[in-house]
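Take a look at the letters that make up each chain.
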Amino acid sequence: MEQNNKLSPLVFSRKGRILIVDDMQVNIIILRQLLSKEYEIASALSGQEALALCDSFKPDLLLLDIEMPGMSGFEVCRQLKSQSDTQDIAVIFVSAHNDEEQQVSGFELGAVDFIHKPLNAVIAQARVKNQIQLKRQSDLLRFMLQQEGRGKVPS
């Protein structure tokens, strides 16, 4: 919850921030080309790197590959959702598999959506846009409630 106390109106005026996490550089390049005009993009090739970047980059959304060597996307999500300063980061899993069991596991861990490989540009952009909008609305509401709780009502 500590991160939530640091919200300010400036957060709502910047571009949305997306962290793309995939062990395959080509997948990162494709997603970066697809999304970089609308969003600030950072990338990581491993789960460990992603967790470290979450602290410094402060993404609104993670596009997270499930199957990676070392730490899986599921484990990254589990760790993010267990920490108060990263639990509100939206996670969309990106997977080459259209496996219902994996999707159920992902949603149970706190994911908000899935994008399947090979990517459909229109579907990927729409899902990202929707989640960034939801994240911003949620952040704004949280900020307003905090202000109200302090006796300050934002205009």
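Residues numbered from 1 in each chain as written. Predicted model: local features only at pLDDT ≥ 70, side-chain atom pairs only at ≥ 80, totals over all residues. Heavy atoms only, no water.

Enquirer: Sorry if this is basic, but what is going on with the environment of Leu80 here?
Expert: In this structure, Leu80 sits in helix 4 (residues 73-81). Spatially, the C-alpha atom of Leu80 lies 7.5 Å from that of Leu51, the residues being 29 residues apart in sequence. Among all residues touching Leu80, those that are not within four sequence positions of it are Leu51, Cys54, Leu62, Thr86, Gln87 and Val91. (Helix = DSSP H or I, 4+ residues; strand = E, 2+ residues; numbered from the N terminus. Contact = heavy atoms within 4.5 Å.)

Enquirer: Sorry if this is basic, but what is going on with the nonpolar core here?
Expert: Generally speaking, a soluble globular protein has its nonpolar side chains buried in company with each other. If you look at the biggest cluster of nonpolar residues, it comprises 23 residues, and the most contacted ones within it are Leu19, Val21, Leu62, Leu64, Val76 and Phe93. Elements that contribute at least two residues to this core include exactly strand 1 (17-21), strand 2 (40-44), helix 3 (47-57), strand 3 (61-65), helix 4 and strand 4 (90-95). The next biggest cluster of nonpolar side chains, apart from the first, holds 16 residues, and it includes Leu31, Leu35, Ile41 and Ile115. (Core = buried A, V, L, I, M, F, W, Y, C linked by side-chain atoms within 4.5 Å. Buried < 20%, exposed > 50% of the residue type's maximum accessible area, 1.4 Å probe, protein only.)

Enquirer: What is the right way to read helix 6 (residues 121-149) from this model?
Expert: Helical geometry: 3.6 residues make up each α-helical turn, so side chains three or four residues apart lie on a common side. The end-to-end C-alpha distance of helix 6, which contains 29 residues, comes to 42 Å, matching closely the 42 Å that a straight helix rising 1.5 Å per residue would cover. Where helix 6 terminates, the next one or two residues include Gly151, which has phi positive at roughly 85°. (Expected span 1.5 Å × (residues − 1).)

Enquirer: What should I look at first to understand the environment of Asp139 in this one?
Expert: Tracing the chain through its elements places Asp139 in helix 6. A residue is classified by how much of its surface remains accessible, and Asp139, at 4% relative accessible area, is buried. Taking the C-alpha atoms as reference points, Asp139 and Asp88, separated by 51 residues in sequence, lie 8.8 Å from one another.

Enquirer: What's the story with the side chain of Asn27 in this structure? I'm lost.
Expert: Relative to the assigned elements, Asn27 resides in helix 2 (residues 25-35). Since its relative accessible area comes to 19%, Asn27 is described here as buried. Dropping the residues within four chain positions of it, Asn27 is found in contact with Asp22 and Lys117.

Enquirer: Explain the sheet that holds strand 4 to me, please; I cannot follow it from the model alone.
Expert: Hydrogen bonds between backbone atoms are what pair the strands of a sheet, whose relative direction is either parallel or antiparallel. Across the sheet, which stays open at both edges, the five strands sit in the order 2-1-3-4-5 with parallel pairing between neighbours. Two strands close off the open sheet at either side, each with one partner strand: strand 2 and strand 5 (113-116). When the angles between neighbouring strand axes are averaged without regard to direction, this sheet yields 20°. Here four bridges tie strand 1 to strand 3, and the two strands are oriented parallel to one another. Bridge pairing links Val21 to Leu64 in strand 3. (Pairing = 2+ DSSP bridges. Axes fitted to C-alpha atoms, helices over the stretch in contact; angles between N-to-C directions.)

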